Amino acid sequence: MGNPMVIEAIGYVGSGLVLVSFLMSSVVKLRVINSAGGLIFAVYALLIHSYPTALMNFCLVGINVYYLARLRKPDRQYNIVEEKRDSVFLKEFLGHYSQDIAIFFPDRIIDQENAEAIYMICHGMTPAGVLLGKWQEEGVLEILLDYSTPEYRDCSVGKYLYSVLARKGVQSLVFSGDDPKHEAYLEKMGFRKENGVYRKALGR
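Let us look at the structure shown here. As the structure is a computational prediction, the values presented were derived from the model and not from experiment. Counting restarts for each chain, with residues numbered from 1 along the sequence as it is written. This being a predicted model, a pLDDT of at least 70 is required before a residue's local features are given, and a value of 80 or more before pairs of side-chain atoms are given or counted; all residues contribute to the totals for chains, interfaces and linings. Only hydrogens and water are set aside when side-chain values are computed; all heavy atoms of the structure are taken into account.

**What about the packing of helix H1 (residues 4-21) against helix H2 (residues 27-47)?**
Part 1 of the argument: Put simply, H1 and H2 touch, their axes get as near as 7 Å, and they point 155° apart. Classified by the angle their axes make, H1 and H2 are roughly antiparallel. The element H1 and its partner H2 pack so that their crossing is left-handed. Between H1 and H2, the residues in contact are Ile-7, Glu-8, Ile-10, Gly-11, Val-13, Gly-14, Ser-15, Leu-17, Val-18 and Ser-21 and Leu-30, Ile-33, Asn-34, Ala-36, Gly-37, Gly-38, Ile-40, Phe-41, Tyr-44 and Leu-47, respectively.
Part 2 of the argument: Classification used: nonpolar for Ala, Val, Leu, Ile, Met, Phe, Trp, Tyr, Cys and Pro, charged for Asp, Glu, Lys and Arg, polar for all others including Gly. For the contact of H1 with H2, the per-class residue count stands at 12 nonpolar, 7 polar and 1 charged. Axis definition: a line fit to C-alpha positions, over the contact stretch in the case of helices; interaxial angles, taken between N-to-C directions, run 0 to 180 degrees. The helix count covers DSSP runs of H or I at least four residues long, the strand count covers runs of E at least two residues long, and both are numbered beginning at the N terminus. If an angle is under 35 degrees, it is roughly parallel; if it is over 145, roughly antiparallel; if it lies from 65 to 115, roughly perpendicular; otherwise it is oblique. Each helix crossing is assigned a hand: it is left-handed if the near helix lies turned anticlockwise from the far helix by less than a right angle, otherwise right-handed if that turn is clockwise. A contact between two residues is defined here by any heavy atoms of the two lying within 4.5 Å.

**Some thoughts on the pattern of salt bridges**
Part 1 of the argument: Salt bridges, as used here, are contacts in which a Lys or Arg side-chain nitrogen is within 4 Å of a carboxyl oxygen on Asp or Glu. If you walk through the whole model with that rule in mind, you get 3 salt bridges.
Part 2 of the argument: The partner of Lys-193 in a salt bridge is Glu-183, with the nearest N and O atoms 3.9 Å apart. Highlighted residues: Lys-193 in strand S6 (residues 192-194) and Glu-183 in helix H7 (residues 180-188), separated in sequence by 10 residues.
Part 3 of the argument: Put simply, Glu-194 and Arg-199 hold a salt bridge, and the shortest N to O gap is 3.8 Å.
Part 4 of the argument: The rule is simple: take the accessible area with a 1.4 Å probe, protein chains only, and divide by the maximum for that residue type; under 20% is buried, over 50% is exposed, in between is partly exposed. Judged by its relative accessible area of 42%, Glu-194 falls in the partly exposed class.

**Section: the sheet that holds strand S4 (residues 140-148)**
Part 1 of the argument: Each pair of strands is called paired provided DSSP finds at least two bridges between the two strands. What the 7 strands build is an open sheet, ordered S1-S2-S3-S4-S5-S7-S6; its pairing is mixed. Bordering the open sheet on either side are strand S1 (78-82) and S6, each of which pairs with just one other strand. Taken pair by pair, the neighbouring strands of this sheet meet at an average axis angle of 35°, ignoring direction.
Part 2 of the argument: Here S4 runs beside strand S5 (residues 172-176); their pairing, made up of 3 bridges, is parallel. Bridged to Glu-142 within S5 is Val-174.
Part 3 of the argument: The sheet contacts of helix H4 (residues 88-96) involve strand S2 (117-123), strand S3 (126-137) and S4, and relative to S3 the element is tilted by about 105°.

Rendered as structure tokens:
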């Protein structure tokens, strides 16, 4: 049966990961960590011959994998709404998430009145993100704010948004600024830095 202390430690690790997963604000992080914890705890359950517990945890891992796969298909999850600069809902949204926005854009003043293009991304009827932009020239949109709410930060909001913008005639996106946390996101989404400015060409 193996070393009882090692087996017990495996159980504690699995339980700990499951508990930690519920502290995650990101849906993706929650499901990934929960899956890891569930898988480890399922192994622990097999080692102590608790087969119903093992079966339940394997099923939970399967459910997590299923929903993670669905989150990678943004066209089935999201829709886009074009907003106006005087939108009351947009003002309330930006105010509600102002502290979180400041973490990623600490030196940037977010003013919806300066935006010439505003896109809200929703999951069903739940706001998942927003993009405020200003036209540099025809087809080139300068990003003033590209923000996803904590619950959807690691999902496919950006991928969906950029695919829709391409269909709406936006040929490229431009972002200038020194916001380290946001720069990591830009690089992940395929932006390239040229002369201190991030650029991304969009496919049609």
